[in-house]
Amino acid sequence: MVAHSIIRKGGGSIFSIAPTLIQGSILTTCTRVQSNLGLEVALKHWCALDHLAEGVSFVQKAGLNPDSVFSTLSKGAGQSWQMENRYRSTADNRFDFGFAVEWMHKDLGICLAEAQRLGANLPITKAIDDRYALIEVAGGKCWDTSSLVTLLR
């Protein structure tokens, strides 16, 4: 398959762990929960986005220079991909790229429905999904997921 050769050239791996279409869909949406972070703490991606949003908002309200603050923070234990790659656009209110809120909200909805069916409790995922729903209603359905900061302004 063409897709397999492209993925292999990019250094990616291909695994068949969900043999049915519905299992594949569930697996895909659950990667949103894990945010492709392997077996690290669930929801690290969204927690990082929430913390980044709060950090950027706090830094700006304190009158600090976001470049100086986040350059320093990215060298310590609080470092994350989100911080290094989204702090500047978040501080500048630029959300016209990346993974859209409407897609994240859709995927989280599928994941939450499956969690309910399985009797799994995902309160943090639900809280984040609720935030994305608010952003969608406010007109940000095509914004990047880093737009969580808009809820703090």
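In case you missed it, the structure is sitting above this.
Read on for a plain summary of the structure. Model, not experiment: these values are computed from the prediction.

Considering the overall build of the protein
Right, so step 1: Each helix and strand counted, the protein has 7 helices and 0 strands in total.
Right, so step 2: Taken over 153 residues, the protein has a buried fraction of 32%.
Right, so step 3: The contacts in the protein between residues at least 6 apart in sequence include a share of 60% that link residues at least 24 apart.
Right, so step 4: Total accessible area on the protein stands at roughly 9400 Å², and carbon and sulfur atoms take up 60% of it.

A word on helix H5 (residues 81-91)
Right, so step 1: All of the buried residues along H5 are Gln-82, Met-83, Arg-86, Tyr-87, Ser-89, Thr-90 and Ala-91.
Right, so step 2: Two residues or fewer past H5, Asn-93 is found with a positive phi of approximately 55°.

Overview of the packing of helix H6 (residues 101-118) against helix H7 (residues 123-137)
Right, so step 1: Close contact between H6 and H7 brings their axes to 9 Å; oriented N to C, the two are set at 145°. Handedness of the crossing formed by H6 with H7: left-handed. Listed contacts from H7 to Val-101, Glu-102, Met-104, His-105, Leu-108, Gly-109 and Leu-112 of H6 are Thr-125, Lys-126, Ile-128, Asp-129, Tyr-132, Ala-133, Ile-135 and Glu-136.

Brief notes about the environment of Phe-70
Right, so step 1: Note that Phe-70 resides in helix H4 (residues 66-73).
Right, so step 2: Of the residues examined, Phe-70 reaches a relative accessible area of 5% and is grouped as buried.
Right, so step 3: Setting aside anything within four residues of it in sequence, one finds Phe-70 in contact with Leu-52, Gly-55, Val-56, Val-59, Met-83 and Tyr-87.

Some details on the nonpolar core
Right, so step 1: Counting residues in hydrophobic clusters, the biggest one holds 11 residues: Leu-49, Ala-53, Phe-95, Val-101, Met-104, Leu-108, Ile-128, Tyr-132, Ile-135, Leu-148 and Val-149.
Right, so step 2: Judged by nonpolar contacts, the second largest core, of 8 residues, contains Leu-52, Val-56, Tyr-87 and Ala-91.

Thresholds applied
- Residues numbered from 1 in each chain as written.
- Predicted model: local features only at pLDDT ≥ 70, side-chain atom pairs only at ≥ 80, totals over all residues.
- Heavy atoms only, no water.
- Helix = DSSP H or I, 4+ residues; strand = E, 2+ residues; numbered from the N terminus.
- Buried < 20%, exposed > 50% of the residue type's maximum accessible area, 1.4 Å probe, protein only.
- Contact = heavy atoms within 4.5 Å.
- Areas by Shrake-Rupley, 256 points an atom, 1.4 Å probe, with all protein chains shown as cover.
- Axes fitted to C-alpha atoms, helices over the stretch in contact; angles between N-to-C directions.
- Left-handed = near helix turned anticlockwise from the far one by under 90°.
- Core = buried A, V, L, I, M, F, W, Y, C linked by side-chain atoms within 4.5 Å.

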